[in-house]
Amino acid sequence: MTVRLLTNIGRLWTGTDVCSNAAVLVHDDRIVWAGPASDLPQSVPGVIDDIVDVDHVENLGGGLVTPGLIDAHSHPVYAGNRWAELAMRTSGSTNNEIVAAGGGVASTVTVTRGTDPWTLCNNVRERLRQWICAGTTTVEAKTGYHLTRDGELADVRMLRSLEEEPSMPRIHATFLAAHMLPPEYFGRRRDYIEAVRLWAGDAAAAGADSIDVYCDEGHFTPDEARVLLMTGQRVGLKARLHACANERVGAAQVAAEVGCASADLLTEANDDDIKALHHGGVAATVCPGSALHNGRTPPVRAMLDRGVTLALGTDHNPGQCGITSMPLVIGLSVAMFGLSVNEALRAATLGGAAALRVSDRGALVPGMYADMVLWDADHEGAFAWAFGLRALRVWRGGVPVQA
């Protein structure tokens, strides 16, 4: 049993409140008290009889402390890169020209399949370290670049094993075999969909938390997405959906109908889609890095005005966006989407927890995981200024993460 006291917090942004001259008391991996230091109790029944007997006291020098950030959408499990493809795209090449030159998602699938598991794991480990060192203590991490049963299941197991290592973020593993139709299934689309349905139960047994489907032109149809998501739900996986990223094909309506935890990207969503998400209780996960890359922004203000829960993600992936910094995502969301700093921070904490449907993180209140960040600032407004505010200290479950 360990009791840790963090003192001299200049400003504590809890997710539900803000207070100055604050303190946080942690028992094992949970918060047992947080608030103004002047109100710090002398004892906490069942935790500590006298506050002077705490095991560790840390003076945080008057800085800003927030909950650990939550990245609600990322694709970190891949090998290789597609930088040459990005250069082609910025020079005016079309998607067809890029694919003809050997690029596109299929190229990442080929390289990932050809990479030995040890090398792939090391690459993913290094990426995840970038997230937690930047203040992100929970990462939603998708598979989707093997597109074989054994490869996708190995990716899920790898994510689960990495989460157990010191100085790794918490992982929400998402099974995304329905990313695209793999080349060996050309002309056998129905066979692949049936295969993915059969793999879903194995993915759940391997430790996946969610199932995702890329529902868009050139990927999977709404009817296919509905069948795949409902199959995943029957084996205990939460449902997520890439929706309205490039075209409106009815994906948002499917997300609401199925009861997805989140619909993601939503660049082309309209008012009917937003209404459906609200009525279906579906969180909207938006990714400013990808929106900036595509030159199109989702209707974020309309979503908030309608009462849709907003979450933020990096959408880190090999073909479009290399961001691993949620502080950068917060800054971009303020600048691009017109969010207030508080709205963006909530989307990156409590909103992310809602999108993952976890109730044990995202706020610094009693009972929550003691996932916390001390920032190189004394006010949360710095997120809108720094475009990548620096994390000075990170705690996962009350334990300091070693840089």
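Here, the structure is the one placed above.
Residues numbered from 1 in each chain as written. Predicted model: local features only at pLDDT ≥ 70, side-chain atom pairs only at ≥ 80, totals over all residues. Heavy atoms only, no water.

Colleague: Sorry, what's going on with the pattern of salt bridges here?
Modeller: Here the idea is simple: oppositely charged side chains can pair when their charged atoms come close. Applying the stated criterion across every chain, the model contains 28 salt bridges. Between Arg-160 and Glu-163 there is a salt bridge; the shortest N-O distance is 2.9 Å. Here Arg-160 pairs with Glu-163, and both are found in helix H5 (residues 149-163), just 3 residues apart, close to one helical turn. The two residues Arg-160 and Glu-163 agree in class, both being buried. Here Asp-271 and Arg-306 are joined by a salt bridge, their closest N and O atoms 3.3 Å apart. In this pair, Asp-271 sits in helix H9 (residues 271-280) while Arg-306 sits in helix H11 (residues 300-306), placing the two residues 35 residues apart along the sequence. Using a relative accessible area of 37% as the deciding quantity, one classes Asp-271 as partly exposed. The class for Arg-306 is partly exposed, based on a relative accessible area of 32%. A cluster of three or more residues bridged by salt bridges with shared partners is formed by Glu-140, Lys-142, Asp-212 and Arg-240. (Salt bridge = Lys/Arg side-chain N within 4 Å of Asp/Glu carboxyl O. Helix = DSSP H or I, 4+ residues; strand = E, 2+ residues; numbered from the N terminus. Buried < 20%, exposed > 50% of the residue type's maximum accessible area, 1.4 Å probe, protein only.)

Colleague: Can you walk me through the environment of Val-399 in this structure?
Modeller: Within the secondary structure layout, Val-399 lies in strand E16 (residues 399-400). For the pair formed by Val-399 and Arg-361, sequence separation is 38 residues and the distance between their alpha carbons is 15 Å. Once you skip the residues sitting within four places of it in the chain, Val-399 turns out to touch Arg-4 and Val-394. (Contact = heavy atoms within 4.5 Å.)

Colleague: So what exactly am I meant to see when it comes to the packing of aromatic side chains here?
Modeller: How two aromatic rings sit relative to each other is set out by the distance from centre to centre and by the angle between their planes. Summed over the entire model, instances satisfying the criterion amount to 4 aromatic pairs. For the ring pair Tyr-78 and Tyr-145, a centre distance of 6.3 Å and an interplane angle of 75 degrees mean the geometry is edge-to-face. Taken together, the residues Tyr-78 in the loop between strand E6 (69-71) and helix H1 (83-90) and Tyr-145 in the loop between strand E7 (136-142) and H5 connect sequence positions 67 residues apart. Accessibility classification places Tyr-78 together with Tyr-145 in one group, the buried group. Measuring from ring centre to ring centre gives 5.7 Å for Tyr-192 and Trp-199, while their planes differ by 80 degrees; the resulting arrangement is edge-to-face. Owing to a relative accessible area of 0%, Tyr-192 belongs among the buried residues under this scheme. Linked through ring pairs, Tyr-185, Tyr-192 and Trp-199 together constitute an aromatic cluster. Over the ring of Tyr-369 we find Arg-30; its NZ or CZ atom is 4.0 Å from the centre of that ring. (Phe/Tyr/Trp six-rings, centres within 6.5 Å; stacked < 30°, edge-to-face > 60°. Lys NZ or Arg CZ within 6 Å of the ring centre and 35° of its normal.)

Colleague: Quick question: what am I supposed to make of the pairing of E7 here?
Modeller: Residues in a regular strand point their side chains to alternate faces of the sheet. Of all the 7 residues making up E7, 7 are buried; the element is thus mostly covered by neighbouring parts of the structure. Pairing analysis gives 3 bridges linking E6 to E7, with the strands arranged parallel. The residue of E7 that forms the bridge with Asp-71 is Val-139. (Pairing = 2+ DSSP bridges.)

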